[in-house]
Amino acid sequence: MKNSLGDLNNHLFAEMERLSDEDLKGDDLEAEIKRSKAVTAVAGQIISNGHLLLKAMQFADDKWDAETTVPRMLQGGE
């Protein structure tokens, strides 16, 4: 199963369309509201995980090692 953030976006917009259906009433509306809360929770977790992954990649890309040259402006004394 391969999903993308674009797929997530499509799911969120589809849920919004289902919630805006004016013919949806009573138990059907309650069920859709429940589903939308579940979709929102899962979407939030996916976005949070993606954000964490991005931060980890940025950290790995920015890390300094023994071969790193300190930029002149950070060396001080000049």
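### Digging into the overall build of the chain
- The helix and strand tally for the chain stands at three helices and zero strands.
- Going from the N terminus to the C terminus, the chain shows its helices and strands as α-α-α.
- When burial is assessed residue by residue, the chain has 8% of its 78 residues classed as buried.
- Roughly 7200 Å² of accessible area belongs to the chain as shown, and the carbon and sulfur atoms make up 58% of that amount.

### Concerning the pattern of salt bridges
- Per the stated rule, a full pass over the model turns up three salt bridges.
- The shortest N-O distance in the salt bridge between Glu15 and Arg18 comes to 2.5 Å. You can see Glu15 and its partner Arg18 sitting in helix H1 (residues 5-19), three residues apart, about one turn around the helix.
- Given a relative accessible area of 34%, Arg18 falls into the partly exposed group.
- Each of Glu15, Arg18, Glu32 and Arg35 takes part in salt bridges that share partners, so that together they form one network.

### A word on a nonpolar patch on the surface
- Residues Leu5, Val42 and Ile46 make up a contiguous nonpolar surface patch of about 290 Å² in total accessible area.
- Among the structural elements, Ile46 can be located in helix H2 (residues 26-62).
- A relative accessible area of 39% places Ile46 in the partly exposed class.

### A closer look at the confidence of the model for the chain
- For the chain, per-residue confidence averages 85 on the pLDDT scale, and 85% of positions sit at 70 or higher.
- By mean pLDDT, helix H3 (residues 72-75) is the weakest element of the chain at 66, and H1 is the strongest at 92.

Rules used in this analysis
Residues numbered from 1 in each chain as written. Predicted model: local features only at pLDDT ≥ 70, side-chain atom pairs only at ≥ 80, totals over all residues. Heavy atoms only, no water. Helix = DSSP H or I, 4+ residues; strand = E, 2+ residues; numbered from the N terminus. Buried < 20%, exposed > 50% of the residue type's maximum accessible area, 1.4 Å probe, protein only. Areas by Shrake-Rupley, 256 points an atom, 1.4 Å probe, with all protein chains shown as cover. Salt bridge = Lys/Arg side-chain N within 4 Å of Asp/Glu carboxyl O. Patch = residues over 30% accessible without salt bridge, like charges linked within 9 Å, V, L, I, M, F, W, Y side chains within 5 Å. pLDDT = per-residue confidence, 0-100.

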